[in-house]
Amino acid sequence: MREEICQIGKRMYDREFVAANDGNISVRISENEIWTTPTGVSKGFMTPEMLVKVDLQGKVLEGDSKPSSELKMHLKVYEERPEIKAVVHAHPLTATVLAVAGIPLDQALLPEAIVTLGTVPIAPYATPSTEEVPESIASYLKDHNAVLLENHGALTWGRDILEAYYRMETLEFYAKIILTTRMLGQANELPYDKIAGLLKIRESMGIVGNIPWPKKN
């Protein structure tokens, strides 16, 4: 699992989802144990021995490094969503631009985004590393699978590390589509009857979370 976390970290770095030492990853491996990335280390240059094992209160159980100060976000996700096994935080460029601009990802434009991701709200700004951060995302956790962090970046979670990471990829692609259509001045949203069919597919895949698109078409 530690090797897999390092592989995902390198993917994030190579795709420019993070710069320098930005971002963090965690994976829940038991009821009260989590492997997480250390503070002050580039996600593109991590090695397994750098990772830190903590409990659900953030206490270090194994490892010589300190966990990221943003671990508080991850722990809040695990607290509110017991079925979740992995959390990814990154600063993908387009999604972060929309987070800075105050634009949520809530247009029904892409079937893949509707099925695997759902709508992505913006959590209000919170000072990084403080208790404000988990409090800012708390109200979105049960009904969503990702949030934009105002003036900060994005957070995704999943039933395993690949699902959590792939949701980050989908989120960034979704953000690029929304930004581009805004530049073009036109976006053809899917009608509700088409969304309903996609939600059935979503349900068959066991994906939970609220999809609050109104019946406006």
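Preceding this section is the structure that the text describes.
These numbers were taken from a predicted model, which means no experiment stands behind them.

As for the packing of helix 1 (residues 2-14) against helix 6 (residues 161-184)
Reasoning step 1: One can describe the packing of helix 1 onto helix 6 by two numbers: an axis separation of 11 Å at closest approach and a directional angle of 5°. Classified by the angle their axes make, helix 1 and helix 6 are roughly parallel. Between helix 1 and helix 6, the contacting residues are Glu-4, Ile-5, Ile-8, Arg-11 and Met-12 on the first element and Ile-161, Leu-162 and Tyr-165 on the second.
Reasoning step 2: Counted by class, the contact of helix 1 with helix 6 contains 6 nonpolar, no polar and 2 charged residues.

Here's the deal with the pairing of strand 5 (residues 86-90)
Reasoning step 1: In terms of residue burial, strand 5 counts as a mostly covered element, since 5 of its 5 residues are buried.
Reasoning step 2: The alternating pattern of strand 5 places Ala-86, Val-88 and Ala-90 and Val-87 and His-89 on opposite faces, both of which are buried.
Reasoning step 3: Both strand 1 (residues 24-30) and strand 5 contribute to a ladder of 4 bridges, which runs antiparallel. Pairing of Val-27 across the sheet is with Ala-86, part of strand 5.
Reasoning step 4: Sheet analysis places strand 5 next to strand 8 (residues 153-158), joined by 5 bridges and oriented antiparallel. Bridging from a neighbouring strand, Val-87 pairs with Trp-157 of strand 8.

Observations concerning the pattern of salt bridges
Reasoning step 1: A full pass over the atoms with the stated rule returns 9 salt bridges.
Reasoning step 2: Across the pair Glu-33 and Lys-53 runs a salt bridge whose closest N-O atoms are separated by 3.9 Å. Taken together, the residues span a long stretch of sequence, with Glu-33 in strand 2 (residues 33-36) and Lys-53 in strand 3 (residues 52-54) at a distance of 20 residues.
Reasoning step 3: In this structure, Arg-159 engages Glu-163 in a salt bridge whose closest nitrogen and oxygen atoms are separated by 2.6 Å.
Reasoning step 4: Residue Glu-163 is classed as buried on the basis of its relative accessible area of 15%.
Reasoning step 5: One salt-bridge network, in which partners are shared between bridges, spans Glu-33, Lys-53 and Glu-62.

Thresholds, definitions, all that
- Every chain's residues receive numbers from 1 upward, in the order its sequence appears when written.
- This being a predicted model, a pLDDT of at least 70 is required before a residue's local features are given, and a value of 80 or more before pairs of side-chain atoms are given or counted; all residues contribute to the totals for chains, interfaces and linings.
- Working from all heavy atoms in the structure, the side-chain values ignore hydrogens and water.
- Where helices are involved, their axes are fitted lines through C-alpha atoms of the stretch in contact, as for all axes, and angles between N-to-C directions lie from 0 to 180°.
- Only DSSP runs of H or I reaching four residues or more are called helices, and only runs of E reaching two or more are called strands; each is numbered from the N terminus.
- Throughout, the term roughly parallel applies to angles under 35 degrees, roughly antiparallel to angles over 145, roughly perpendicular to angles from 65 to 115, and oblique to all others.
- Contacts are assigned to residue pairs with any non-hydrogen atoms lying within 4.5 Å of each other.
- Three residue categories are used. Nonpolar comprises Ala, Val, Leu, Ile, Met, Phe, Trp, Tyr, Cys and Pro, charged comprises Asp, Glu, Lys and Arg, and polar comprises the others, including Gly.
- Burial classes follow relative accessibility: with a 1.4 Å probe on protein chains only, a residue under 20% of its type's maximum area counts as buried, one over 50% as exposed, and anything between as partly exposed.
- Here, strands pair whenever DSSP counts at least two bridges between them.
- A side-chain nitrogen of Lys or Arg and a carboxyl oxygen of Asp or Glu constitute a salt bridge if their distance falls within 4 Å.

Purely geometric numbers; function is a separate question.
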